[in-house]
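# Examining the three-dimensional arrangement
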Amino acid sequence: MTSQPPSPPSQPAEQVPTCYRHPGRETWVRCQRCDRPICPDCMRDAAVGFQCPECVAEGNKTVRHAQSVFGGAVVSTPYVTWAVLGINLLAFALQWLTGQQITTDFGMWVAGVAINDQYYRMITAAFLHGSVFHILFNSYALYLVGPQLERAFGHVKFTALYLLSALGGSVLGYWFDDPRTLTVGASGAIFGLFAAIFVVGRRLRFDVRGVAVLIVINLVITFVFPGISWTGHIGGLITGAVLAAAMAYAPRSHRVLFQTLALLGVFLALVALVVIRTGVLLS
């Protein structure tokens, strides 16, 4: 009687792994970082193989994002500059269409601010202009220096620089202009940008003699020709210089904090000057 050799024990079938995020989907692909199985919808390209969404998100936390010269996000297109130019042109068109009603309602008027609490005039006046030459000059100046400063500081800080320079010009006018006079123009903001480009140039050790000559020429025009608001120009120039110096010379170790405090401090100082002047005018 012959005996049959024993049959080998049966091997259990290997279990197909399923995606850790989608348990119903079978997959043989694993994350190169955590080794969890991932389906095609969860695969993210990595340097080698694929990673899961969680590992990609975790890795992004340690990536250092590129910054501009003075700490802002890198700017490829100066959107704020183009937006301000567009608003200025649109506002000038509305001035022309409404027969200067827009100018009357939104220009800088000291009495309107103090008596009627129309504080918005201090900003809205910076988007209005008194003539074609006026808007062309300011628009061209913004076109020349705006993109450079926006790339240096980033969108947010450049916006703050522009608006606070405009406000600084209005605040000085609030103190020294005739309360019955109506003034308009982005010149305060533009002079703030002129001061800022000078400060930035000095910080980066560029030749800023051309900028200095431009500022001097415009200051001479301000005081020689009648009908020009010297307060708006000087106020914007001082505000822009202070802000640019604070942002350009901020210590690298605490740059964001220092710049934020500088912007907030200048804003609060301007608000305080407005409050004091309002009390004086109403008394």
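Per an unreviewed UniProt entry, the protein is named Rhomboid family intramembrane serine protease, and its organism is Nonomuraea recticatena. Listed under Subcellular location (unreviewed entry) in UniProt, the entry text for the protein is "Membrane".

### Regarding a nonpolar patch on the surface
A surface patch of nonpolar side chains, about 630 Å² in accessible area, is lined by Val213, Val216, Ile217, Val220, Ile221, Val224 and Phe225. If you trace the backbone, Val216 turns up in helix α9 (residues 209-224).

### Comments concerning α9
In this model, α9 (16 residues) spans 22 Å end to end at C-alpha, consistent with the 22 Å of a helix rising 1.5 Å per residue. Within α9, the full set of buried residues consists of Ile215, Asn218 and Thr222. The arc that holds every buried residue of α9, seen down its axis, measures 70°, which confines them to one face. Opposite its buried face, α9 presents the exposed residues Arg209, Gly210, Phe223 and Val224, each directed more than 90 degrees away.

### With respect to the packing of aromatic side chains
Under the definition given, this model contains 6 aromatic pairs. Centroid distance Trp82 to Tyr143: 6.1 Å. Interplanar angle 35°. Geometry classified as tilted. One end of the pair, Trp82, is in helix α2 (residues 79-97); the other, Tyr143, is in helix α6 (residues 132-153), and 61 residues separate them in sequence. On the basis of relative accessible area, Trp82 is assigned to the partly exposed category, the value being 37%. Aromatic pair Phe176 and Trp230: ring centres 6.1 Å apart, planes at 35°, arrangement tilted. Of this pair, Phe176 sits in helix α7 (residues 155-176) while Trp230 sits in helix α10 (residues 230-248), placing them 54 residues apart in sequence. Here Phe176 falls in the exposed class, since its relative accessible area comes to 53%. A relative accessible area of 36% places Trp230 in the partly exposed class. Ring-pair connections join several aromatic residues into one group, and the members of that group are Phe176, Phe223 and Trp230. The side chain of Arg36 reaches across the aromatic face of Tyr20, ending 4.0 Å from its centre.

### Quick look at the pattern of salt bridges
Applying the stated rule across the entire model yields 4 salt bridges. Arg25 serves as the salt-bridge partner of Asp41, at 2.5 Å between the closest nitrogen and oxygen. Highlighted residues: Asp41 in the segment before β1 (44-45) and Arg25 in the segment before β1, separated in sequence by 16 residues. Classification of Asp41 by relative accessible area gives partly exposed; the value is 48%. Assessed through its relative accessible area of 35%, Arg25 is described here as partly exposed.

Conventions adopted
Residues numbered from 1 in each chain as written. Predicted model: local features only at pLDDT ≥ 70, side-chain atom pairs only at ≥ 80, totals over all residues. Heavy atoms only, no water. UniProt positions renumbered as here; feature names shortened; annotations may be inferred. Patch = residues over 30% accessible without salt bridge, like charges linked within 9 Å, V, L, I, M, F, W, Y side chains within 5 Å. Areas by Shrake-Rupley, 256 points an atom, 1.4 Å probe, with all protein chains shown as cover. Salt bridge = Lys/Arg side-chain N within 4 Å of Asp/Glu carboxyl O. Helix = DSSP H or I, 4+ residues; strand = E, 2+ residues; numbered from the N terminus. Expected span 1.5 Å × (residues − 1). Buried < 20%, exposed > 50% of the residue type's maximum accessible area, 1.4 Å probe, protein only. Arc of directions from axis to C-beta. Phe/Tyr/Trp six-rings, centres within 6.5 Å; stacked < 30°, edge-to-face > 60°. Lys NZ or Arg CZ within 6 Å of the ring centre and 35° of its normal.

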